[in-house]
Amino acid sequence: MIEPKRFPYVAKQSDIGEAGFFPLLPIQLIHNNQTIDVHGLLDSGSTVNVLPFEMGISLGLDWNSQNIPITLTGNLAKVESRAVLINAKADSFPQCHLAFAWTKSNDVPLLLGQTNFFMEFNVFFYRSQLAFEVVPK
């Protein structure tokens, strides 16, 4: 059995105290021969994982060759998105496949949502301790 790994919340807005800390998971995204190290916002309220446009370009994705449209909601409802499958590695955990809505916007962080990050990993939030734990299912 793989043990959970604990991570600290990260300060994104230091001027507002604890309210400015967020659960950002360091994660490596891998596609073909391209790898990028990024931080993904663990968003249990997001239906899908969301990949910002420039991160997809950095991974060598070609927008025009992605032909499965994804309809997003909320503040991304009017932004065109396409389905992509990317390999991911969080910390020392085994690599897994994550499905993303690759959005044609950079005005969104990398979101790790219900489909399918929370299907691949169990996450335990300890907000009062500014920490969270992650473990593969």
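As a starting point, this report considers the structure included with it.

Let's talk about the overall build of the protein
Counting secondary structure elements, the protein contains 2 helices and 12 strands. In the protein, the succession of α and β elements from N to C terminus is β-β-β-β-β-β-α-β-β-β-β-α-β-β. Scaling as 2.2 N^0.38, a compact globule of 137 residues should have a C-alpha radius of gyration of about 14 Å, and the protein matches this with 15 Å. The principal-axis extent of the C-alpha atoms belonging to the protein is close to 45 × 35 × 20 Å. Taking all 137 residues of the protein together, the buried fraction comes to 44%. Long-range contacts, defined here as pairs at least 24 residues apart, represent 58% of the contacts in the protein between residues at least 6 apart. Side chains of the protein give 9 positive and 12 negative charges; the mean places of these two sets differ by 2 Å.

Thoughts on the nonpolar core
Counting 32 residues, the largest nonpolar core has Leu25, Leu29, Leu42, Leu51, Phe100, Phe117 and Val134 as the members making the most contacts within it. For this core, the elements supplying multiple residues, two or more each, are β4 (24–31), β5 (34–42), α1 (53–58), β8 (81–90), β9 (96–103), α2 (117–120), β11 (121–126) and β12 (131–136). Here valine 134 is in contact with Pro4, Lys5, Phe7, Leu25, Leu42, Phe93, Phe117, Phe121, Asn122 and Val123, once residues within four sequence places are set aside. One finds Leu41, Leu72, Leu76 and Val108 within the second-largest nonpolar core, a separate group that totals 8 residues.

With respect to the sheet that holds β12
Here we have 3 strands laid out as an open sheet, ordered β1-β12-β11, and antiparallel in their pairing. Each edge of the open sheet carries a strand with a single partner, namely β1 (5–8) and β11. Strand-to-strand twist across the sheet, computed as the mean angle between neighbouring axes with direction ignored, equals 25°. By the bridge criterion, 6 bridges tie β11 to β12 in an arrangement that is antiparallel. Residue phenylalanine 125 lies in a different strand from β12, and its bridge partner there is phenylalanine 132.

Re the environment of lysine 137
Relative to the elements of secondary structure, lysine 137 occurs in the segment after β12. In this structure, the C-alpha to C-alpha distance between lysine 137 and aspartate 37, residues 100 residues apart in sequence, is 22 Å. Apart from residues lying up to four places away in sequence, lysine 137 is in contact with Met119, Glu120, Phe121 and Asn122.

As for unusual backbone geometry
The peptide bond linking threonine 115 to asparagine 116 adopts the cis configuration, its omega dihedral lying at 0°. Within the element layout of this structure, asparagine 116 appears in the loop between β10 (111–112) and α2. The phi angle at asparagine 32 is positive, at roughly 50°, despite the residue not being glycine. Locating asparagine 32 in the fold gives a position in the loop between β4 and β5. Looking at asparagine 32, the relative accessible area reads 65%, which means it is exposed. Backbone geometry places leucine 130, a non-glycine residue, at a positive phi of 50°. By the secondary structure assignment, leucine 130 is in the loop between β11 and β12.

Procedures and definitions
Residue numbers here run from 1 along each chain, matching the order of that chain's written sequence. The predicted origin of the model limits local features to residues at a pLDDT of at least 70 and limits the giving and counting of side-chain atom pairs to 80 or more, whereas totals for whole chains, interfaces and linings rest on all residues. To obtain the side-chain values, all non-hydrogen atoms of the structure were used and water was disregarded. Comment: elements are numbered from the N terminus, with helices defined as DSSP H or I runs of at least four residues and strands as E runs of at least two. Two things to know: the radius of gyration comes from C-alpha atoms, and the globule rule equals 2.2 Å times the number of residues to the power 0.38. Only protein chains enter the accessibility calculation, which uses a 1.4 Å probe; a residue is then buried when its area is under 20% of its type maximum, exposed when over 50%, and partly exposed in between. Residues are treated as being in contact if the distance between any of their heavy atoms lies within 4.5 Å. Under the convention used here, Asp and Glu are negative, Lys and Arg are positive, and both His and the chain ends fall outside the count. Taken as the charge location is NZ of Lys, CZ of Arg, CG of Asp or CD of Glu. Side-chain atoms within 4.5 Å are what join buried Ala, Val, Leu, Ile, Met, Phe, Trp, Tyr and Cys residues into a set we call a nonpolar core. Being paired, for any two strands, means DSSP has found at least two bridges between them. To get an axis, fit a line to the C-alpha atoms, keeping to the stretch in contact for a helix; angles then go from 0 to 180 degrees between the N-to-C directions.

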